[in-house]
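Architecture and fold: a report
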Amino acid sequence: MKRFDRYLLSRLMVLFGFFALVLVSIYWVNRAVALFDSLIGGGQPALVFLEFTALTLPNVIRLVLPVAGFAATVFTINRLTADSELVVMQAMGFSPYRLARPVLAFGLVVALLTGILTHFLVPASRAQLELREDEIAHNVTASMLTEGRFLHPANGITFFIREITPTGELRDVFLSDARGTTRRITYTAQRALLVQEETGPKLLMFDGLVQALHLTNQRLATTSFSDLTYDVAALLSQPNTGRLDLRILPTPDLLSPTSERIEAARATRAEFLTEAHARTGQPLMAVAGVLIGFAALVVGGFSRFGLWRQILLAIGILVGLQLLDNSLTEIARHDETLWPLVYLPPMVGLLIGGMLMYLSARTIRWRRATRSASA
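Residues numbered from 1 in each chain as written. Predicted model: local features only at pLDDT ≥ 70, side-chain atom pairs only at ≥ 80, totals over all residues. Heavy atoms only, no water.

Further remarks concern the overall build of the protein. Of regular secondary structure, the protein possesses eleven helices and six strands. Looking at the protein as a whole, 42% of its 375 residues are labelled buried. When contacts within the protein are restricted to residue pairs at least 6 apart in sequence, those whose partners lie at least 24 apart make up 61%. As presented, the protein carries roughly 20,200 Å² of accessible surface, and 62% of it is formed by carbon and sulfur atoms. (Helix = DSSP H or I, 4+ residues; strand = E, 2+ residues; numbered from the N terminus. Buried < 20%, exposed > 50% of the residue type's maximum accessible area, 1.4 Å probe, protein only. Contact = heavy atoms within 4.5 Å. Areas by Shrake-Rupley, 256 points an atom, 1.4 Å probe, with all protein chains shown as cover.)

Okay, the pairing of strand β3 (residues 170–177) next. The pairing of strand β2 (residues 157–164) with β3 spans seven bridges and is antiparallel. Counted as the bridge partner of Ile-161 is Val-173 from β3. Between β2 and β3, which pair antiparallel in sequence order, lie five residues; one of them, Gly-168, sits at a positive phi of approximately 95 degrees. Direction of pairing for β3 relative to strand β4 (residues 183–197): antiparallel, over a ladder of seven bridges. Residue pairing across strands places Arg-171 opposite Arg-191, the latter belonging to β4. Counted along the chain from β3 to the antiparallel partner β4, the turn is five residues long. (Pairing = 2+ DSSP bridges.)

The next point concerns unusual backbone geometry. Non-glycine residue Asp-172 carries a positive phi angle of around 55 degrees. Note that Asp-172 resides in strand β3. The phi dihedral of Arg-266 is positive, around 55 degrees, even though this residue is not glycine. For Arg-266, a relative accessible area of 56% translates into the label exposed.

So, on to the packing of helix α2 (residues 46–82) against helix α10 (residues 308–332). Look at α2 against α10: their axes get within 11 Å of each other, and the N-to-C directions meet at 165 degrees. Put simply, α2 runs roughly antiparallel to α10. The handedness of the crossing between α2 and α10 comes out as right-handed. Contacts from Phe-70, Val-74 and Asn-78 in α2 reach Ile-311, Ala-314, Ile-315 and Leu-318 in α10. Across the contact of α2 with α10, the residue classes tally to six nonpolar, one polar and no charged. (Axes fitted to C-alpha atoms, helices over the stretch in contact; angles between N-to-C directions. Parallel < 35°, antiparallel > 145°, perpendicular 65-115°, else oblique. Left-handed = near helix turned anticlockwise from the far one by under 90°. Nonpolar A, V, L, I, M, F, W, Y, C, P; charged D, E, K, R; others polar.)

Let us now look at the nonpolar core. Grouped together as the largest cluster of nonpolar side chains are 42 residues, with contacts concentrated most on Leu-8, Phe-16, Ile-77, Leu-86, Phe-106 and Phe-294. Listing elements by their share of this core, those giving two or more residues are α1 (2–39), α2, α3 (85–91), α4 (96–137), α9 (269–298), α10 and α11 (344–374). In terms of residue count, the dominant contributor to this core is α9 (ten residues). With residues near it in sequence (within four places) discarded, Phe-294 still touches Thr-73, Ile-77, Pro-96, Leu-99, Ala-100, Val-103 and Met-357. Within the second largest apolar cluster, 18 residues are counted, among which are Val-173, Leu-175, Val-210 and Val-232. (Core = buried A, V, L, I, M, F, W, Y, C linked by side-chain atoms within 4.5 Å.)

To continue, consider the layout of surface pockets. A probe matching the size of a water molecule, rolled over the atoms, marks out where space remains unfilled. What the second largest pocket holds in volume is close to 710 Å³. Around the second largest pocket sit 26 residues that line it, and Arg-62, Ala-278, Gln-282, Gln-322 and Asp-325 are the ones nearest its centre. Contributing elements (two or more residues each) for the lining of the second largest pocket: α2, α4, α9 and α10. Ranked by the residues each element gives to the lining of the second largest pocket, the list is headed by α9, at eight residues. Here the lining of the second largest pocket is composed, by residue class, of twelve nonpolar, seven polar and seven charged. (1 Å grid on protein atoms, 1.4 Å probe; cavity = no way out; pocket = protein on both sides within 12 Å on 5 of 7 lines; lining within 4 Å. Points joined across faces, edges and corners; volume = space filled by probe spheres on them.)

Quick look at the environment of Leu-220 now. Within the secondary structure layout, Leu-220 lies in strand β6 (residues 219–231). The exposure class assigned to Leu-220 is exposed, which follows from its relative accessible area of 52%. Note: C-alpha distance between Leu-220 and Arg-184 (36 residues apart in sequence) is 9.5 Å. Those residues in contact with Leu-220, other than ones at most four positions away along the chain, are Gln-211, Ala-212 and Leu-213.

So, on to the pattern of salt bridges. Summed over the entire model, instances satisfying the criterion amount to 14 salt bridges. Among the ionic pairs, Asp-5 bridges to Arg-98, the shortest N-O distance being 2.9 Å. In this pair, Asp-5 is assigned in helix α1 and Arg-98 in helix α4, connecting sequence segments 93 residues apart. Classification of Asp-5 as buried rests on a relative accessible area of 12%. (Salt bridge = Lys/Arg side-chain N within 4 Å of Asp/Glu carboxyl O.)

In structure tokens:
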């Protein structure tokens, strides 16, 4: 039996690695495409893009690991049942509780990896990502001073510089502001300077033209100017609200929030506690998902038509648990005494897994008793 435990655990770990790699790759590529548009399109170098995608990777893995654990469990148990390996073990007298031992060990491994991510790696990566975003937001040269390319530092903004002289003067500047709902404004200038002031960077344009297109009546108004000042501080990035993000704080700081941190985050003590306990609740959900994937497939026994009904049952239970988890987490955010609700969904999941294994054990005993009576 110990050999079978090692065999089943090794199968689970191999498939877990495969599913995790595939899902992380898909999720990460989607995230990287959005970062590529915002960073490379904004004039940032490729190294900054690689750094940002690497910093988002821990959070991607955190989201993917429980799903990969569930998928590996369902695929492995379905394969063992189709090959009659699990049926042979049950015929030898091993109960679903005994067969679940390596599955539970696998779930604990997934939970440990998820816990390390939620408590340590994800908050650290998010803190570093927020720091780098703030640095880039104040880096005017990287964001704006790129010649010969159309840049989009913000939604609705297009910026172009034909040439930057060695003295820092900008030649043939084009700036289009399409953020307004009633009009679009286009600035063109022969020369410009980008200067830093206390209130933020300013674009000083000389010898140019302002074109305002009124969208309601499609009328175009033009104004020539010899010099014009344009505030570009809001174009570099989204304005920083100065609000402390709870997701970057260490777990001990969330469990014992000070009044200063509560004020800085503009949050309540209930939100602090919910965020802290949710970091432990998610690894427990991974264990529940693995156990449900195993129990739902063994409850029906062997079938020549496959276990697609049991697989759909496991997926349905997991979706219901996730909806319950989202609802209870939102409730817990409004009352600091309700933080134990965060642990209710994984406990319900473990209870459902235990009940399914109990039904499976009773079914096996009933079948054995029926065969003995008929013999």
